[in-house]
Structure formats: structure tokens, C-alpha cells
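Secondary and tertiary structure notes
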Amino acid sequence: MKLSRYMVPTLKEVPSDAVVTSHRLMIRAGLIRKESAGMYAYLPLGFRVLRKIMDIVREEMDRAGALEFLMPEMTSADLWKESGRWDTMGPEMFRIKDRNGQEYALAPTHEEAMTNVVRQIVASYRDLPVTVYQMNTKFRDEIRPRFGVIRSKEFIMKDAYSFDMNEKGLEESYQAMRKAYRRIFERCGLETIPVEADTGSMGGSNSEEFMVASEVGEEYLLLCGCGYRANQEKAEYRRTGRQGNEPQADIKKVPTPDVKTIDDLVAFFKCGADKFLKSIIYLADGKPVMAVVTGDREINELKLKRALGATDLELAPDTVVMDVTKAPVGFAGPVSDIKIPVVYDLSVADVVNGITGANEKDMHFTGVNSGRDFTVKNEADITSAVEGDMCPKCGAAMSVKKGIEVGHIFKLGYKYTKSMNVTVLDEKGKTVTPIMGCYGIGVNRTMAAIVEQHYDERGIMWPRSVAPFDVHMVGLGKSPEEIARVEEIYDLLVEGGIDVLYDDRQASPGFKFADADLIGIPVRVTVGKTYFSGGEIEVKSRGGSEILKSAKENLVKLVRETMK
Ligand code: ATP
Ligand code: MG
């Protein structure tokens, strides 16, 4: 491909809205252009990379025995209503109507649509197990589209769904996908950390996210030397036990005018934040509940939701807090007669002589002890693990890393097959509901994550497997004779089966080299002065500094070696 006829609009300037490296480099290297917030066009060079990633994904899915489909991107509201998700998907789902008023969703995911196709086809145990997949556009009205293609409103996902006769079968399908995912990311040159993730209703180790460690990651990962790895949404931690041996003090009501936040309280009472019983009122599926944790901890709303078995959870508005506690926000506590359900974090019972709101304006209790002043009935892990917390498996201190989620595998269970009435006959002619798994990879996000892991101050450094071309050839001829000699080398490489991007533009060597480094093709071949005078062609790998010299006759061989 000749660069003069290609479209690679490289930029020196960094676009102002690009705050992460991959976004900056993908724009600067001429791979993508913004259409509007959260939507990007892939230019030819960018699309080449995306296609290479898709090819790898496809090869590995096929190798794992999954069957490729192409599904409509518009999905009928009826299917979403059948599963119950028309009402629960919320504003992230784009909804549209046709001229007759029929409703559709621009698919944010395809569980319903795939389940609907599969149920029309499978009839008996002979048809299962089956894993189906597609690579197609997904639409999500993200609250905060950002970081370029890492979080966009429209993106390509590889989504796969497995259907099995029983849990044992599901485990096998799940492991096959797990293996395929490891291979996919490895082949893409990505180092990933698989972490345990939240499983919603399934429980256990039935969901893993594939994370790429990165400062720009939006997820927090808890990691331990023993091998325990979990997303913060899910990570557990070992509790430290009862707070010291001090004897129980008497409970006292103390005036605390305008002392509301944990920081205010720490300053006022001059004690550690872990002495406070922070009590927050939520609405769980519309009904008020109180969550009590120690003041040094953040409530993990996903864990709380799970503990409550709720589908919807939000902070209660001030009016509800007033109504339930008879006090303004900041003075809630579990001691005085509270008429709503209360969930206690696992550490609350260990607090000795704690301090908590008295459910009365400007009043707190001190000397509060569980068992005597309140009873912990409903206890659960509802706080987030943080750096330094003890590993739930081995007790060692865990560390925290930020990560980008590139893939997710998940045992779904019977959620869709039950709600959508999928049945098959088993060997004995008995009706059985198949069990499902689902498996997603964000293709565009994977591309950005590869850039996040492979760049230097001059630009991108593509792993060979996903590089847009094998070789970036810089031609530095001026006269028609020189240019003809450069073209000869280009033809030679192309005939040698090498995918070449040939910079034939009339520009300075410095300009061309800078572009080559920015674009990041793994091997650079320079045909210039040393060739015209002494027959030597220069070969350099993007990552290295050594410049190898080659005669025309050995060039293809040397390039192939350098590519490795
Ligand atoms: P996130 O927590 O980042 O929003 P998710 O849990 O919503 O991700 P899934 O529904 O599991 O993601 O989708 C599968 C994969 O699709 C993700 O692992 C990710 O790689 C990709 N993905 C999800 N949302 C986006 C988005 N808005 N833009 C680009 N890729 C996305
Ligand atoms: Mg999401």
C-alpha cells in the first residue's frame, strides 16, 4: 500500500478531549476519528487492526467449537418483555419505534435474541451442548462515554452464549471459553489478569473478568500473592476481629450540634473512624432499609444489593430519611427503635464502645455495643475491600491495581431459558430446561488496551499479530531513477509475501521516521542514500535501536527474521 494514496492523517497535536494514552495515540496515528461523543469512525489503518483482532477472536472461537451467527442489531421489545428486562434495563438501552408504533431496542447485548433463535432450533439432548456467537455492534447509552473507544456508545462485541443440558455441561462449556479467552488475549499481545467477578444470583466462582492492568482502568482489582484475584465489586476480605479488650462503657446520649459526617465526628470525638457505626438509608426496590458499616469503610452497593436480594438500590431521599429516623440526614443509627430492615456489615459486631447517630437531630450515642444496645440479626459482607486488607484465602495483605475490563465470562444459569420457556427432551423423553453461559469481549476496547500496553514516547508499538502492516517502508529517493529503484524494493517485498505500507510521499526523512514511529508497525525498512550509493537497505524493528543493513538479495529473509 502506498501511503500517498492511503488515508493516514497523522497529527502532531493532541486533541484536547483525549486524556488517556490510547485515545491520544489512536487519533494521532490516524486510526480513528471522532464522530460525536462516544462514537468513532475507524479509518483504513485503524480498521485493519480491528479486523486482525476480530480474526484472532474468530479463529479461537471456532477452534473452541462455537458457531458464528449474524444477528439483527435491532431487537424486538417483545423478547425483552418476555425476559422481564424491558423494564429493568433502564436508560442505558436505546429504544426506538417503527412507523407502526412497534417498539425495539438497539441491542446492548443479545441474551434474549440468541435464546430466541436457539429455542426455535434445539429440540432434544442430541442438539446440545451448543455455543453460539457473533461479532456485531452493541449500543449502550453510557452515562459517561469516555477514554475514546474504551467506553463508547457504540462498539463491537464478540458475544457468545452456551446452552447445556446440565451444570456439569455448563462447566465444560465455560472452561472451553475460558481457555479460548486466554489464547485470544495472549495472541493479541495482551497481558490480562483474570479476576473473580460478581455473579449476581449464581454465587460461587462462576464469573471471571479479564482485566488489563492500567492506570486508566475504571475497575479496582484486589490481588494477593497466593493467587486470590477479585474485582473490588466482589472481593472479600478477612476481618480483624473484636476491637481490643477495653470493658464496655455505659451508653450515653451526647449533643453533637451540626456534627454529621464521619470527618466531623472523628474531629469532634477524637477517635478512629472505625469506632463509628455509619448508618445509611437506602431504597431497595422502593422500600427503605438501613445499612450499618464501620465509619472507616465504604458501603459496596453491589454487595448490599445482593445481600438484600434487591434488583434496584438507591440512596433514600432526605424526606425518607426524615420519615424513617425522625431526624435529618447525619443522625441515623441502629440503637433506637428503627422500624425498617437493617443489614449489618460483618465488622459491626466487633466494634467496642462505638458511636452512632441517635435518630434525633444533633444527637449521637457513645459507648454503643452490639448484643446489649442493638441486636445484629441480618449480617452480611457489604463493604469494599481496600489495599492492605487481609486476603480471604490466606490472610496476607492484598494489593490494589486498576484495570480495564476487556472480557467477561459468566455462568448465567436458567434466567433466560426459564423466562423464555426453552425446553428440550432428554434421553428418557423428559422435558429439561437448558442452562446457559455468556461470554463477551469488547473488540474496540481490546484494541485500545493493546495500545495502553504497547507504546513509548514516540508512538504505538503494535504486537506483530495485530499490526496494521508487517513493514513500514520509508522511501527516500528524489530523482526519477532513485524513485524507480525504491519502487523495485517495494515490489520485491510485496512479491515476498510481506504486507508493506510504503511511504512514497515527498517529505523529509525526519518527518517520515516520526510518522513511522507514531504508527508503530513492527519493522521499518529504509531505502535511501546508503542504498543508492552502496546497495545497503536499512532494517530496524520498532522496539529496538539497532539498524541492520541488508543487500537487496537478502532483504526478504532479514525482514522475516526481524518480524519474529
Ligand atoms: P463495564 O463494566 O466496563 O461497563 P460491562 O460489565 O457493562 O462493562 P459486559 O456487558 O460484560 O460489560 O460486556 C462485555 C464486554 O464489552 C466488556 O468486557 C467490555 O470489553 C465491552 N464493553 C462494555 N461496555 C463497553 C463500552 N461502553 N464501550 C466499549 N466496550 C464496552
Ligand atoms: Mg457497562
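What counts, and where the lines are drawn
- Counting from 1, residues in each chain are numbered in the order their sequence is written.
- Numbering of ligands from 1 and lettering of chains from A proceed in the order in which they are written.
- This being a predicted model, a pLDDT of at least 70 is required before a residue's local features are given, and a value of 80 or more before pairs of side-chain atoms are given or counted; all residues contribute to the totals for chains, interfaces and linings.
- Side-chain measures here rest on the full set of heavy atoms in the structure, leaving out hydrogens and waters.
- DSSP calls a pair of strands paired once it identifies at least 2 bridges connecting them.
- Each helix corresponds to a stretch of at least 4 residues labelled H or I by DSSP, and each strand to a stretch of at least 2 residues labelled E; elements are numbered beginning at the N terminus.
- Between the N-to-C directions of two axes lies an angle of 0 to 180 degrees, each axis being a line fitted to C-alpha atoms and, for a helix, fitted only over the stretch in contact.
- To form a nonpolar core, buried Ala, Val, Leu, Ile, Met, Phe, Trp, Tyr and Cys residues must be joined to one another through side-chain atoms within 4.5 Å.
- Here the term buried applies to any residue with accessible area under 20% of the maximum for its type, exposed to any over 50%, and partly exposed to those in between, with areas from a 1.4 Å probe on protein chains only.
- For the purposes of this description, domain bounds are those given by an automatic or database domain assignment.
- Only heavy atoms enter the contact rule, under which two residues are in contact if any of them lie within 4.5 Å.
- Any pair of N or O atoms that falls within 3.5 Å is considered a polar contact. Within protein, one atom must be able to donate a hydrogen and the other to accept it, and sequence-neighbouring residues count only if both atoms are side-chain atoms.
- Only Phe, Tyr and Trp rings take part, Trp by its six-membered ring, and two of them pair if their centres are within 6.5 Å. Stacked means planes under 30 degrees apart, edge-to-face means over 60, and tilted covers everything else.
- Here, a charge over a ring is recorded when the distance from Lys NZ or Arg CZ to the ring centre is within 6 Å and its angle to the ring normal is within 35 degrees.
- Neighbouring residues are identified by heavy atoms, a residue being near a molecule or strand if any of them is within 4 Å of it.
- Here the nonpolar group is Ala, Val, Leu, Ile, Met, Phe, Trp, Tyr, Cys and Pro; Asp, Glu, Lys and Arg are the charged ones; every other residue, Gly included, is treated as polar.
- Buried area is understood as the total, over both parts, of accessible area removed when two parts are fitted together, assessed with a 1.4 Å probe.
- Salt bridges are counted wherever a side-chain nitrogen of Lys or Arg sits within 4 Å of a carboxyl oxygen of Asp or Glu.
- For this text, the term disulfide refers to a pair of cysteine sulfurs within 2.5 Å.

1. Remarks on the sheet that holds strand β18 (residues 354-357)
Spatial ordering of the open sheet is given by β13-β19-β18, a layout of three strands whose pairing is antiparallel. Bordering the open sheet on either side are β13 (252-255) and β18, each of which pairs with just one other strand. The sheet shows a mean angle of 30° between the axes of neighbouring strands, taken without regard to direction. Note: β18 against strand β19 (residues 363-368), three bridges, orientation antiparallel.

2. Here's the deal with the nonpolar core
In this structure, Leu-31, Ile-53 and Trp-462 are the most contacted members of the largest nonpolar core, which totals 59 residues. When residues in this core are grouped by element, the largest group, eight residues, is from helix α2 (residues 44-63). There are two domains that each give this core at least three residues, and those are domain 1 (16-72 + 107-235 + 400-451) and domain 3 (469-563). When residues no more than four places from it in sequence are discounted, the contact partners of Ile-53 are Cys-188, Val-443, Thr-446, Met-447, Ile-450 and Val-466.

3. Considerations on the side chain of Lys-138
Its place among the elements puts Lys-138 in strand β7 (residues 130-139). Of note is the side chain of Lys-138, whose polar atom sits 3.0 Å from the side chain of Asp-159.

4. A few points about the packing of aromatic side chains
Each aromatic ring pair is characterised by the separation of its centres together with the angle its planes make. What the rule picks out here adds up to 10 aromatic pairs. Relative to Tyr-439, the ring of Tyr-174 has its centre 6.4 Å away and its plane inclined at 50°; by these criteria the two rings are tilted. Here Tyr-174 is found in helix α6 (residues 167-187), whereas its partner Tyr-439 is found in strand β24 (residues 435-442), with 265 residues between them in sequence. The exposure classification of Tyr-174 matches that of Tyr-439, with both residues buried. Relative to Phe-276, the ring of Phe-269 lies with its centre 6.1 Å away and its plane at 55°, an arrangement referred to as tilted. Pair check on accessibility: Phe-269 and Phe-276 agree, each one buried. Of the aromatic side chains, those joined through ring pairs into one cluster are Tyr-181, Phe-185 and Phe-210. Against the face of Tyr-174 rests Lys-411, its NZ or CZ located 5.2 Å from the ring centre.

5. As for the site of ligand 1
With respect to spatial proximity, 15 residues lie near ligand 1, and among them Arg-140, Glu-142, Arg-151, Ser-152 and Glu-405 are the closest. Measuring from a nitrogen atom of ligand 1, one finds a backbone N or O atom of Ile-150 at 3.4 Å. A distance of 2.6 Å separates an oxygen atom of ligand 1 from a polar side-chain atom of Glu-405. Sort the elements by how many residues they give to the shell around ligand 1 and strand β21 (residues 399-413) lands first, with four residues. A breakdown of the residues in the shell around ligand 1 according to their chemical character gives five nonpolar, four polar and six charged.

6. Side note on the pairing of β21
Pairing between strand β10 (residues 207-213) and β21: seven bridges, direction antiparallel. Bridged to Ala-213 within β21 is Gly-403. Here five bridges tie strand β11 (residues 219-223) to β21, and the two strands are oriented antiparallel to one another. What sits directly across from Tyr-220, in β21, is Lys-402. Pairing of β21 with β24, which is carried by six bridges, proceeds in the antiparallel orientation. Each residue of the ladder has a partner; that of Lys-411, found in β24, is Gly-437.

7. A short note on the domain arrangement of the protein
The domain boundaries assigned to the protein delineate domain 1 (16-72 + 107-235 + 400-451), domain 2 (252-380) and domain 3 (469-563). Summarising the inter-unit geometry, the C-alpha centres of domain 1 and domain 2 are found 38 Å apart. With seven residues of domain 1 in contact, the opposing surface of domain 2 contributes four residues. Both faces combined, the contact of domain 1 with domain 2 buries some 400 Å², and carbon together with sulfur accounts for 39% of it. Our count for the domain 1 to domain 2 interface comes out at zero salt bridges. The tally of links between domain 1 and domain 2 comes to three residue pairs in polar contact (both at pLDDT 80 or more). The class makeup of the residues in the side of domain 1 that touches domain 2 is one nonpolar, three polar and three charged.

8. Remarks on the state of the cysteines
Per the counting criterion, the structure on display carries zero disulfides. Not part of a disulfide, Cys-391 finds its nearest cysteine sulfur in Cys-226, a span of 3.7 Å. With a relative accessible area of 0%, Cys-391 lands in the buried category.

9. Some words on the pattern of salt bridges
The full count for this structure, using the stated rule, is 40 salt bridges. Residue Arg-178 pairs with Glu-208 through a salt bridge whose shortest N-O separation is 2.5 Å. In this pair, Arg-178 is assigned in helix α6 and Glu-208 in strand β10, connecting sequence segments 30 residues apart. A relative accessible area of 11% means that Glu-208 is categorised as buried. Where Arg-372 meets Asp-373, a salt bridge forms, and the shortest distance between an N and an O atom there is 2.9 Å. Residue Asp-373 is classed as buried on the basis of its relative accessible area, which comes to 15%. Salt bridges sharing partners connect three or more residues here, namely Glu-59, Glu-60, Arg-63, Arg-183 and Arg-187.

10. Some words on the environment of Pro-44
Residue position: Pro-44 is located in helix α2. Residue classification places Pro-44 among the partly exposed residues on the basis of a relative accessible area of 32%. Between the C-alpha atom of Pro-44 and that of Val-486, which follows or precedes it by 442 residues, the distance is 24 Å. Those residues in contact with Pro-44 that sit more than four places away from it in its chain are Tyr-6 and Met-7.

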